[in-house]
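Structural description and commentary
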Amino acid sequence: MPEPKIRIENLSYAYAGVQALQNITLDIAPQRITVFFGPAGGGKTTLLRLINRLNDLTDGTAMTGRILLDGKDIYAPATNVAQLRRRVGMVFALPLPLPGTIRENVTYGPRLAGVRDARRLAPIVERSLRQAALWDEVRDRLDAPANALSGGQQQRLCIARSLALEPEVLLLDEPTSGLDPLSTGKVEAALQELKKTYTIIIIPHSVQQAARIADDAAFFLQSKLIEARPGREIFTTPRDKRTEDYVTGRFG
Amino acid sequence: MSERIAWNEFIIGAIIRIAGFSTIGFVILIFAFLLQQGLPALNEVAPDNFLGTRWYPTFDLYGMMPLFLGSLLVTVTAILIALPLGISTAVYVREVAPQWAREILKPLIEVLAGIPSVVLGFFGMTVLAPFLRETLQLPTGLTAFTGALILAYMALPTMVSVAEDALDAVPKSYRDAALAMGATRWETIWRVSVPAARTGILTAIMLGIGRALGETMVVLMVTGNAARMPTTLGSLFLPVRTMTATIAAEMGEVAAGSVHYHVLFFIGILLFALTFLINLAAAPAILAKRRRGGLR
Amino acid sequence: MNRYAQQRLGFIALGAVTLVVVIPILLVIGNIIAQGLGAISWEFLFGMPRAGMRAGGILPAIVGTILLTLGVALFAIPFGVGGAIYLSEYARDTTFTRAIRLAIINLAGIPSIVYGLFGLGLFVLFFGLGVSILAGSLTLAIMTLPVIISASEEALRAVPTEFRTVNASLGGTRWQGIRKIILPQALPGIITGVILGLLRAAGETAPILFTVAAFYLPRLPQSVFDQTMALPYHLYVISTQVPGMPLQIQYGTALVLMTLTLSLNLTATLLRRHFRKRRQW
């Protein structure tokens, strides 16, 4: 097994007095799709947001343990949070295009990072949109308002927006929950391409999707990590009774 | 490059924090200044003089009772007029009026808030006061009642808006339950909606009191400014003098640092303290309302 | 009596009360327009007052009010919008923040004449600015602050939280998010609030009584340390302090002042309506 891209060590986390994660230890391998799955409220989304420090925006939290990216603690005081978030991109459950055009959405991150030259931005736009399997649908209307796109297109735009920063890790929180099957298929196909270069962590919107796309999988239940193994194994021969119950649809 | 961003971020954050903190600074500064300029009055004027019934600064008589009672009389009368008008209008606009009427009525009532008080005072002097004098057969039209009437209308835009929002916040299920039990819409309004909105209506009253108590130009121009004790109900139709009008009328002519000057600032302290308490009482409701999105 | 007949009567009564509220408003506006229109002329708007203000124009008062309002904008907009950004984007929910909110509510409730006292004491006397445009602008600006802060904060809070999260997730700092997304989206609401604040400042009399206003000064102000005439104070003076004042000049002044504030009011309302329709979220 290669060096893990991300290593989570003895991580516990609470906000507003509620324990959201208890003593999680988990390695994420590079260039694979890792799936966090389990019933709602198990702590998956919380963990995902901790990996690029989006929880910093929330008040009243308490964390112990460490998260290492390439061996470095991302919560170390010297960490440049903006830079961390450029290396670890995030796509949310609902498509959230920013006000403005398609092009402005894709270039938002690079522009913040200081890339302003239109000649340098143009190739970034094309590459990101191609990687998100959206280029062919929008190439002729890059300056149209982003919110005029369909829901599925908007979500792929949000993926492209994250990819524009060439992150090393891409976090996706139920990216297909609001999409039709056709759009879902396109997003999943795009992810299969993306994992060749990126490390991907995704919260799927169903067990079926989890089984379809997982290289590795981690099952979360009531703020604990129950088991984490390669996807093929966890969905066919789960070791823990609770994982089996969930995978076979007995609860959740 | 990221160094620079971090620096920008730090400086801008500091500037914005200063802007935010400055509001508290201003309140403290205002209060401290009033205290500094007004408190000497307590040493310079004997208590029984202060609490007396005669306000003749030329003869060192600083009895504040007539001014205080004048403010009280005008304010209470204004609220008594505004309350039924405001609540009825809010109920009509919110519960009864058809859509098209609502679209006309709401902006029209809000327009009133955009007319400067000095214009309303001017109207009161030139049109309303002569009209009241003739209809009510009064010796003069410049009375407490004239002022209260205009103040009542000035309080209406806020009152209607706050009361309307309070009605709006009453859960639809309350109404539906009442209607389902066979109550008419009329009965539902008065027995369910209005009582359920009482906190909001109370806020409207508080804000109205604060507004009327602090208004200066209208009372200065239409209440006649006679510093006499309003002892009977008939005083309503005689000239009175309020605390605000006294400051406005006399501050321009006193020497800075004189006893009279200190006393006028002391009246300022009283006004500040009174409106502070009133707003403190209304604050929770205002904050809650703002959280829901909209006090203007 | 039949309950439905009672309801119908009740509704009619409510409608009648609403008319009692609305008709006087129309009467005031109508009366001032009808009586004031005759006074409006080129000379009235752009001339100097003559003969102890009993003839001529009101230009110095108009210019004074415009200058005061600009001064207020200069001081109150940075502090007001900055304060709103602080409350909406930076402040956490602490006792201190609650104290700030309380302070704002109380600033909004302080009687305008008390602002006048404060301005006299602090700016005119203590800082030695004298009775001047500067002292008056500062006084009015502090009075206007709560209006601008409340409206701006509301506009900022109306921008969906998700935009802030997206900005952060793309490596944006807090200020980058504010400058590139939040502020542009909230701008219409902020502008509306600023206009409402300025119109309040333009129409106020009590705070300028002892801080700026010149009784009779038939020339244009020379500097920010100069006194000036101003429309609201001028109207007060000519309707109460000058015997033998032609009624038409009084009405004309009232009309000009009312037109100024009502047109600002209308602009704010229209702006709000316009942008609410075009909002992207």
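Structure: above.
Summary of the structure given here. (Residues numbered from 1 in each chain as written. Chains lettered and ligands numbered in written order. Predicted model: local features only at pLDDT ≥ 70, side-chain atom pairs only at ≥ 80, totals over all residues.)

1. Structural notes on the interface of chain C and chain A
How big an interface is tends to be reported as the loss of accessible area on association of its parts. What counts is decided by this rule: A residue pair is marked as a contact if its C-beta atoms, positioned from the backbone, fall within 7 Å. A run of H or I in DSSP becomes a helix once it reaches four residues, and a run of E becomes a strand once it reaches two; helices and strands are each numbered from the N terminus. Under the scheme applied, nonpolar residues are Ala, Val, Leu, Ile, Met, Phe, Trp, Tyr, Cys and Pro; charged residues are Asp, Glu, Lys and Arg; polar residues are all the others, including Gly.
Across the contact, 15 residues belong to chain C and 19 residues belong to chain A. Counting residues per element, the side of chain C that touches chain A draws most heavily on helix 7 (residues 161-169) of chain C, at six residues. Split into classes, the residues belonging to the side of chain C that touches chain A amount to five nonpolar, eight polar and two charged.

2. Structural notes on the sheet that holds strand 1 (residues 6-15) of chain A
Sheets are built from strands paired through backbone hydrogen bonds, the pairs being either parallel or antiparallel. Residues and elements named next belong to chain A. Applicable threshold: Two strands are counted as paired when DSSP detects at least two bridges linking them. In this analysis, axes come from line fits to C-alpha atoms, helices being fitted only over the stretch in contact, and the angle between any two N-to-C directions falls in the range 0 to 180 degrees.
A sheet is described by the order of its strands in space; here four strands give the open sequence 2-1-4-5, paired in antiparallel fashion. Each having just a single partner strand, strand 2 (18-28) and strand 5 (72-73) make up the two edges of the open sheet. Of the pairings in the sheet, the one linking strand 1 to strand 2 comprises seven bridges and is antiparallel in character. Each residue of the ladder has a partner; that of L11, found in strand 2, is I24. Across the sheet, helix 1 (residues 44-51) is in contact with strand 1, strand 2 and strand 4 (61-69); its angle to strand 2 comes to roughly 65°.

3. Focus: the interface of chain C and chain B
With 74 residues of chain C in contact, the opposing surface of chain B contributes 72 residues. Every element with two or more residues in the side of chain C that touches chain B is listed here: helix 1 (3-36), helix 3 (59-90), helix 4 (95-109), helix 5 (112-126), helix 6 (133-158), helix 8 (174-203), helix 9 (231-240) and helix 10 (247-278) of chain C. Per-element accounting of the side of chain C that touches chain B gives the leading share, 18 residues, to helix 1 of chain C. Residues belonging to the side of chain C that touches chain B are distributed by class as follows: 48 nonpolar, 22 polar and four charged.

4. What to know about the sheet that holds strand 3 (residues 33-37) of chain A
All names here are of chain A. Read across the open sheet, the six strands follow the order 6-7-8-3-9-10; overall the sheet is mixed. Only two strands of the sheet have a single neighbouring strand rather than two, namely strand 6 (88-91) and strand 10 (224-230). This sheet shows a mean twist of 15° between the axes of neighbouring strands, independent of strand direction. Relative to strand 8 (residues 199-203), strand 3 runs parallel, the two being bridged by three bridges. Counted as the bridge partner of V35 is I202 from strand 8.

5. Digging into helix 1 of chain A
Residue and element names in this part refer to chain A. Let me state the cut-off plainly: Residue burial here comes from a neighbour count, namely the number of other C-beta atoms, placed from the backbone, that lie within 10 Å of the residue's own C-beta, with 20 or more meaning buried, 12 or fewer meaning exposed, and in between meaning partly exposed.
In terms of residue burial, helix 1 counts as a mostly covered element, since eight of its eight residues are buried. Of all the positions in helix 1, only K44, T45, T46, L47, L48, R49, L50 and I51 are classed as buried. One or two steps after helix 1, the chain reaches R53, where phi turns positive at roughly 60°.

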